[in-house]
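Structural overview for review
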Amino acid sequence: MIEATRRTGTILTAGFATLALSGCITSRVEDAREGMTGIEDDEAVVILAKSYHLGNETEDKYISCVEDALSRGSKGLRVIPHRQFVDSLFPWFEPRTAPAETRGLPKLMERPGVAERIADQKVRYIIWLDGDTDRVAGGGSLSCAVGPGGGGCFGFAWWQNDADYNAAVWDLKGLESAGSVTADVSGTSFLPALVIPIPLIARARASACKGLADQLRDFIIDEPEV
Amino acid sequence: MRDKLAGYSELGAKLRSLTGGALFSVLLAGCGSNVTLEPVTIPAPLISPMPLSIAVRIPAEFEHYVHEDEVLGREKWRIDLGGSNAALFSQLFEYMFDDVTVLGPDDDARDLSIDALIEPSIDAFEFSVPSQSKTESYAVWIRYRLKIYDNAGDVYANWPLSAYGKSEQFGLGGDEPLKRAAILAMRDAAALMIMNLDKSTAISALKDRPPKTLVASGNSAGAAAQEEAAQAEKSPLPKRREVTLPPPGPVAGPAVLSMDADEDDSMEKFLEGSSND
């Protein structure tokens with residue numbers, strides 16, 4: 001009993017410390033529904049980045065993060081890894097050839113083997129990610145020195161990262177757009193130093209990943225309120 | 001004792017020399033990079049092969065293509081594409097055509113009954129690294145050229161195509177991001193060839209050509225000399241027209257080089273909507 005109480009105390013302390021040591025984050029996640037959604041237990045989704053040929057900069061790391069977040073938990077969806085999906089349909093989902101709009105889907109499905117390969121993997125939705133994380137501002141100054149008696153840092157630095165992502169959801173059953181989910185997250189990190197630097201990091205990309213994945217899961221599973 | 005001291009002195013000198021050598025190597029390594037690509041494999045494409053019998057001649061300079069460059073006058077890069085291009089094109093043509101023969105250095109195309117001979121080459125190779133582009137991405141542009149000869153040995157089509165690949169450095173160490181960008185550029189070239197080879201070169205029309213006794217030797221030097229005359233004589237192909245490449249840069253769009261006047265339409269479609277059209 002005492003052991004369990006001590007463990008809970010340690011976890012709470014670690015949680016408070018983590019909260020206290022993180023920067024400021026403001027987050028806005030919204031969805032825009034264009035059609036009815038829903039997914040069967042054996043159906044899957046695939047998450048792809050919009051083509052870099054069109055100037056998109058979505059990071060591979062972000063796609064993997066959303067894939068992980070969507071597939072986790074009791075309401076987790078079956079997610080086909082994006083590289084496996086792209087390879088299985090080569091060359092029709094390469095950056096140059098992937099359809100940019102849903103109106104390209106009927107023609108794509110007519111190509112030899114494409115509809116069968118998608119049906120084999122039971123892919124119901126394709127989610128196209130667009131956007132990236134950028135450092136938009138920063139400032140302050142920090143200097144460190146080391147001498148025979150020891151060392152230390154003094155000063156204050158800060159920086160702001162904006163993570164703006166959009167997920168367009170295509171329903172492959174009706175070959176139409178089901179809607180989109182957007183996540184706009186702004187995170188300001190601080191690094192004050194009085195002998196020892198104390199980093200207060202705001203993880204904007206990770207927050208945008210979790211927020212977008214949670215909203216996407218609800219968007220796909222839940223029926224809209226009538 | 002003196003001998004012992006001399007021994008220590010010699011050992012010290014050796015250690016200093018070794019340390020100096022190691023430091024020098026580290027400094028040298030910091031000034032440049034050596035990248036060697038392993039042979040690339042592509043997934044089996046979802047296409048129906050063209051009913052053509054072709055031969056592929058891989059020139060030596062294509063099979064052992066090496067690009068050397070100096071970035072911002074400081075970092076020296078040596079990129080050895082090695083056998084990756086030859087592997088890619090051989091695999092791709094195997095998927096694209098019913099019957100494919102890859103010619104060895106001593107093979108003569110005249111001994112074969114083929115509809116066409118394809119000879120790929122590289123016109124240009126460019127790349128950018130984060131220190132140049134001020135982004136976190138590595139990018140590679142490769143400009144290939146496909147020469148297609150008919151069964152008489154005449155140049156039938158000459159198609160330049162430009163491919164682009166981009167990779168970020170997150171999660172990849174050393175020269176891996178550049179290798180990945182190069183592989184993506186090769187996949188891009190493969191996708192472009194699958195989509196547009198017949199549209200841009202009309203190679204499928206060679207199937208119905210009656211066989212001629214004089215078959216291509218594959219000697220590109222001889223064939224190239226007759227290229228202009230051959231092109232003028234052959235009317236089935238539209239006039240060749242080259243489009244200027246956009247300047248290198250991570251945000252530059254795809255460069256589509258085309259022989260076909262209608263290709264401008266497909267480029268517009270690509271940019272505004274589905275590129276599957």
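Per chain, the residues get numbers from 1 upward, laid out in the order the sequence is written. Labels follow written order: the first chain is A, the first ligand is 1, and so on. Local features in a predicted model are, by the rule used here, given only for residues with pLDDT of at least 70; side-chain atom pairs are given and counted only at 80 or more, and totals for whole chains, interfaces and linings are based on all residues. Calculation of side-chain values draws on the structure's entire complement of heavy atoms; hydrogens and water are dropped beforehand.

1. Some points on the overall build of chain B
To qualify as a helix, a DSSP run of H or I must reach at least 4 residues; to qualify as a strand, a run of E must reach at least 2; elements of each kind are numbered from the N terminus. Scanning chain B from terminus to terminus reveals eight helices and eight strands. Exposure is judged per residue with a 1.4 Å probe applied to protein chains only, and the accessible area is read against the type maximum: over 50% gives exposed, under 20% gives buried, and values in between give partly exposed. Buried positions account for 49% of the 277 residues belonging to chain B. Looking at chain B alone, contacts between residues at least 24 apart form 72% of all its contacts between residues at least 6 apart. In the structure as shown, chain B presents an accessible area of about 13700 Å², 54% of it carried by carbon and sulfur atoms. Every residue pair with non-hydrogen atoms within 4.5 Å of one another is taken to be in contact. In short, Shrake-Rupley with a 1.4 Å probe defines the accessible areas, and a residue's cover is counted only from the protein chains shown.

2. Some points on the overall build of chain A
Along chain A, the regular secondary structure elements total six helices and six strands. Element order for chain A, N to C, with α for helix and β for strand: α-β-β-α-β-α-α-α-β-β-β-α. Summed over all atoms, the accessible surface of chain A reaches about 11700 Å², with 56% contributed by carbon and sulfur.

3. Topic: the packing of helix α3 (residues 84-96) of chain B against helix α5 (residues 176-201) of chain B
Residues and elements named next belong to chain B. Viewed as axis vectors pointing N to C, α3 and α5 meet at an angle of 30 degrees, and their least axial separation amounts to 11 Å. In terms of orientation, α3 lies roughly parallel with respect to α5. The two elements α3 and α5 meet at a crossing, and its hand is right-handed. For the pair formed by α3 and α5, the contact residues are Ser84, Asn85, Leu88, Phe89, Leu92, Phe93 and Met96 on the first element and Met186, Ala190, Met193, Ile194 and Leu197 on the second. Side-chain classes are defined by residue name, with Ala, Val, Leu, Ile, Met, Phe, Trp, Tyr, Cys and Pro counting as nonpolar, Asp, Glu, Lys and Arg as charged, and the others, Gly among them, as polar. Class assignment of the residues belonging to the contact of α3 with α5 gives a composition of ten nonpolar, two polar and no charged. In this analysis, axes come from line fits to C-alpha atoms, helices being fitted only over the stretch in contact, and the angle between any two N-to-C directions falls in the range 0 to 180 degrees. Any angle between 65 and 115 degrees counts as roughly perpendicular, while under 35 counts as roughly parallel, over 145 as roughly antiparallel, and the rest as oblique. Each helix crossing is assigned a hand: it is left-handed if the near helix lies turned anticlockwise from the far helix by less than a right angle, otherwise right-handed if that turn is clockwise.

4. Quick notes on the interface of chain B and chain A
Counting residues at the interface gives 37 residues for chain B and 35 residues for chain A. Summing the contributions of chain B and of chain A, the shared interface buries around 2900 Å²; its carbon and sulfur component is 53%. In what follows, salt bridge is the name for a side-chain nitrogen of Lys or Arg lying within 4 Å of a carboxyl oxygen of Asp or Glu. Inspection of the chain B/chain A interface yields four salt bridges. Glu94 of chain A serves as the salt-bridge partner of Arg187 of chain B, at 2.7 Å between the closest nitrogen and oxygen. N or O atoms within 3.5 Å of each other form a polar contact, as long as, within protein, one can give a hydrogen and the other can take it, and as long as residues adjacent in sequence are counted only when both atoms are side-chain atoms. Applying the counting criterion to the chain B and chain A interface returns eight residue pairs in polar contact (both at pLDDT 80 or more). For the side of chain B that touches chain A, the secondary-structure elements that each account for two or more residues are β8 (155-168), α5 and α8 (263-272) of chain B. When residues of the side of chain B that touches chain A are assigned to their parent elements, the largest contribution, nine residues, is made by α5 of chain B. A quick way to say it: buried area is the sum, across both parts, of accessible area lost when two parts are put together, with a 1.4 Å probe.

5. Remarks on the nonpolar core
Phe85, Phe93 and Ile126 of chain A together with Phe93, Phe97, Tyr144 and Ile203 of chain B are the most contacted members of the largest nonpolar core, which has 77 residues in total. The dominant element in this core, judged by the number of residues it contributes, is α5 of chain B, at twelve residues. Aside from chain neighbours lying at most four places away, what touches Phe97 of chain B is Pro49, Met50, Leu52, Ile54, Ile118, Leu197 and Ile203 of chain B. We define the nonpolar core as a collection of buried residues of types Ala, Val, Leu, Ile, Met, Phe, Trp, Tyr and Cys that are connected through side-chain atoms lying within 4.5 Å of one another.

6. Considering the state of the cysteines
Residues and elements named next belong to chain A. Any two cysteine sulfur atoms within 2.5 Å of one another count as a disulfide. Scanning all chains against the criterion turns up two disulfides over all chains. The residue that forms a disulfide with Cys65 is Cys209, at a sulfur-sulfur distance of 2.0 Å. Disulfide Cys65-Cys209: the torsion about the S-S bond is -100 degrees, which places it as left-handed. Separated by 144 residues along the polypeptide, Cys65 in helix α2 (residues 60-71) and Cys209 in helix α6 (residues 204-221) bring together distant segments of the chain.

7. Some thoughts on the sheet that holds strand β6 (residues 176-197) of chain A
All names here are of chain A. A pair of strands is considered paired only if DSSP assigns at least 2 bridges between the two. The strand order β1-β6-β5-β4-β2-β3 describes an open sheet built from six strands, whose pairing is mixed. With partners counted over all chains shown, the strands left at the sheet margins are β1 (24-33) and β3 (78-80), one partner each. Between one strand axis and the next, the sheet turns through 20 degrees on average, direction left out of account. Strand direction decides the pairing type here: strand β2 (residues 44-49) and strand β4 (residues 123-147), joined by six bridges, are parallel. The residue of β4 that forms the bridge with Ala49 is Leu129. Docked against the sheet, α2 engages β2, β3, β4 and β5 (150-171), running at close to 165 degrees with respect to β2. Lying on the sheet, α6 is in contact with β1, β2, β4, β5 and β6; it crosses β6 at an angle near 155 degrees.

8. Some thoughts on the confidence of the model for chain B
Residues and elements named next belong to chain B. On a scale of 0 to 100, pLDDT captures the predictor's confidence in every residue. Looking at chain B as a whole, the pLDDT averages 73, with 62% of positions reaching at least 70. In this model residues 1-9 is a low-confidence stretch, pLDDT under 50, and it forms zero contacts with partners more than four residues away in sequence or in other chains. Note that residues 17-30 has pLDDT below 50 and, in this model, zero contacts with residues that lie over four places away or in other chains.

9. Things to note about α3 of chain B
Residue and element names in this part refer to chain B. Its 13 residues place the ends of α3 18 Å apart at the C-alpha level, agreeing with the 18 Å of an ideal helix rising 1.5 Å per residue. Of all 13 residues making up α3, eleven are buried, and the element is well covered by its neighbours. For α3, the set of buried residues is Ser84, Asn85, Ala86, Ala87, Leu88, Phe89, Ser90, Gln91, Leu92, Phe93 and Met96. Helices are assigned an expected span. That span is 1.5 Å times one less than the residue count.

10. Structural notes on the packing of aromatic side chains
We call Phe, Tyr and Trp rings a pair once their centres come within 6.5 Å, taking the six-membered ring for Trp, and we label the pair stacked below 30 degrees between planes, edge-to-face above 60, and tilted otherwise. What the rule picks out here adds up to 14 aromatic pairs over all chains. Pairing Phe89 of chain B with Phe93 of chain B gives two aromatic rings, centres 5.9 Å apart and planes at 70 degrees, and the pair type is edge-to-face. With Phe89 of chain B and Phe93 of chain B both in helix α3, this residue pair falls four residues apart, about one helical turn. Our definition puts a charge over a ring when NZ of Lys or CZ of Arg is within 6 Å of the ring centre and also within 35 degrees of the ring normal. Its guanidinium or amino end placed over the ring of Trp92 of chain A, Arg111 of chain A lies 4.1 Å from that ring's centre, counting from NZ or CZ.

11. Considerations on the pattern of salt bridges
Taken as a whole, this structure holds 20 salt bridges over all chains when the rule is applied. Asp60 of chain A is the salt-bridge partner of Arg83 of chain A, the closest N and O atoms lying 2.5 Å from each other. Residue Arg83 of chain A is located in helix α3 (residues 82-88), and its partner Asp60 of chain A is located in helix α2; the two are separated by 23 residues in the primary sequence. Given a relative accessible area of 40%, Arg83 of chain A falls into the partly exposed group. Given the relative accessible area of 27%, Asp60 of chain A is considered partly exposed. The partner of Arg187 of chain B in a salt bridge is Asp87 of chain A, with the nearest N and O atoms 2.9 Å apart. You can see Arg187 of chain B sitting in helix α5 and its partner Asp87 of chain A sitting in helix α3, one on each of two chains.

12. What about unusual backbone geometry?
Residues and elements named next belong to chain A. Along the chain, Phe90 connects to Pro91 via a cis peptide bond; the corresponding omega equals 5 degrees. Within the secondary structure, Pro91 sits in the loop between α3 and α4 (105-110). Phi angles above zero are rare outside glycine, and Lys122 is one such case at about 55 degrees. Relative to the assigned elements, Lys122 resides in the loop between α5 (114-120) and β4.

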